[in-house]
Amino acid sequence: MTSNTAPTSVKAPPLRLKMLLRITRGMPRIRGFGYLTLRFLKPLCCDPNGGSYILPIWPRIRMLVDPWDCIEGVLALLPQYYDSWELAAVAQNLPEGGTFVDVGANVGAYSLWAARHGGLNANVIAIEPAPDNYARLCHNVELNGLARIIHEGTESGSLGGVC
């Protein structure tokens, strides 16, 4: 299924965003730093009118993200803070070639993580009902070269297309 909201071109991150990424991604987990980054530094360096960029998020995982978005902003600016306990649990408990189901996949962070940590034979099923998020999810799956079947949940609750 092809969505009309999939990005056709992506611009390079501006210098001020690149500088912020160098600062935020190099910081160890310090209580309150995430809040300060998202509350005060993000408005100085990110475009509130939108601007999506392809950024490395974790090793071997790149994503198209909008740093101004509440979820994608954490992925872009502070990936070391993004659901670290949950991601560690997936990496530790998903067996080689296992199956991972991501219901409400959003833009695919957990799906991509599971696909990388479950090995070449992992089965990853991502279900996302929101068309814009689904388009971004499909783009991120393709961007990472992960040949996985991704289903879109429609408003009626039935499963639909394949990326």
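1. So, the pairing of strand S4 (residues 123-127)
When strand S3 (residues 99-103) meets S4, the two strands line up parallel, connected through 5 bridges. Along S4, the bridge assignment pairs Thr-99 with Asn-123. Between the parallel pair S3 and S4, the chain is carried across by helix H5 (residues 109-117), and the sense of this crossover is right-handed.

2. Overview of the packing of helix H4 (residues 84-93) against H5
H5 packs onto H4 with a crossing angle of 30° between their chain directions and a minimal axis gap of 9 Å. In terms of axis orientation, H4 runs roughly parallel to H5. Of the two elements, H4 crosses H5, and the hand of that crossing is right-handed. On H5, the residues that touch Glu-86, Leu-87, Val-90 and Ala-91 of H4 are Tyr-110, Trp-113, Ala-114 and His-117. Across the contact of H4 with H5, the residue classes break down as 6 nonpolar, 1 polar and 1 charged.

3. Looking at a nonpolar patch on the surface
Together, Tyr-35, Leu-36 and Phe-40 make up an exposed nonpolar region whose accessible area comes to about 340 Å². Residue placement: Tyr-35 occurs in helix H2 (residues 33-45). The class for Tyr-35 is exposed, based on a relative accessible area of 53%.

4. Concerning the packing of helix H1 (residues 15-25) against helix H3 (residues 70-77)
The description of two packed helices rests on the angle between their axes and on the distance between the axes. H3 packs onto H1 with a crossing angle of 75° between their chain directions and a minimal axis gap of 9 Å. Compared by their axis directions, H1 and H3 come out roughly perpendicular. Residues Leu-17, Leu-20, Leu-21, Thr-24 and Arg-25 of H1 form the contact with H3, whose own contacting residues are Leu-75, Ala-76 and Leu-77. Taken together, the residues of the contact of H1 with H3 sort by class into 6 nonpolar, 1 polar and 1 charged.

5. Quick word on the packing of aromatic side chains
All chains considered together, the criterion is met by 4 aromatic pairs. Taking the centre distance of 6.1 Å and the plane angle of 50° together, the rings of Trp-58 and Tyr-82 count as tilted. Residue Trp-58 is found in strand S1 (residues 53-58), and its partner Tyr-82 is found in the loop between H3 and H4; the two are separated by 24 residues along the sequence. Looking at Trp-58, the relative accessible area reads 10%, which means it is buried.

6. Details of the side chain of Glu-72
For Glu-72, the position within the fold is in helix H3. You can call Glu-72 buried: its relative accessible area is 6%. With residues up to four places along the chain from it excluded, the contact list for Glu-72 reads Leu-64, Val-65, Asp-66, Val-107 and Arg-136.

Quick notes on the rules
Residue indices follow the written sequence of each chain, beginning from 1 at its first position. Two thresholds apply to this predicted model, a pLDDT of at least 70 for residue-level local features and 80 or more for giving and counting side-chain atom pairs, whereas whole-chain, interface and lining totals are computed over all residues. For side-chain calculations, the full set of non-hydrogen atoms in the structure is used, while hydrogens and water are omitted. Strands were regarded as paired on the criterion that DSSP finds at least two bridges between them. What counts as a helix is a DSSP run of H or I of at least four residues, what counts as a strand is a run of E of at least two, and both are numbered from the N terminus. Whether a crossover is right-handed comes down to one check: with the strands pointing away from the viewer, does the path from the first strand over the helix to the second run clockwise; if it does, it is right-handed. Only C-alpha atoms enter the line fits that serve as axes; for helices the fit covers just the stretch in contact. Angles between N-to-C directions range over 0 to 180 degrees. Here the angle decides the label: under 35 degrees means roughly parallel, over 145 means roughly antiparallel, 65 to 115 means roughly perpendicular, and every other value means oblique. When the near helix sits turned anticlockwise from the far one by under a right angle, the crossing is termed left-handed; a clockwise turn instead gives a right-handed crossing. Note on contacts: a residue pair qualifies if any of its non-hydrogen atoms lie within 4.5 Å across the two residues. Classification used: nonpolar for Ala, Val, Leu, Ile, Met, Phe, Trp, Tyr, Cys and Pro, charged for Asp, Glu, Lys and Arg, polar for all others including Gly. Two joining distances apply to patches: 9 Å for like charges and 5 Å for nonpolar side chains (Val, Leu, Ile, Met, Phe, Trp, Tyr), and every residue must have over 30% relative accessible area and no salt bridge. Computed by Shrake-Rupley with a 1.4 Å probe, the accessible areas treat only the displayed protein chains as cover when residues are assessed. Here a salt bridge means any side-chain nitrogen of Lys or Arg lying within 4 Å of a carboxyl oxygen belonging to Asp or Glu. When accessible area is computed with a 1.4 Å probe and restricted to protein chains, residues below 20% of their type maximum are described as buried, those above 50% as exposed, and intermediate ones as partly exposed. Stacked, edge-to-face and tilted labels apply to pairs of Phe, Tyr and Trp rings (six-membered ring for Trp) whose centres lie within 6.5 Å, assigned for plane angles under 30 degrees, over 60, and everything in between, in that order.

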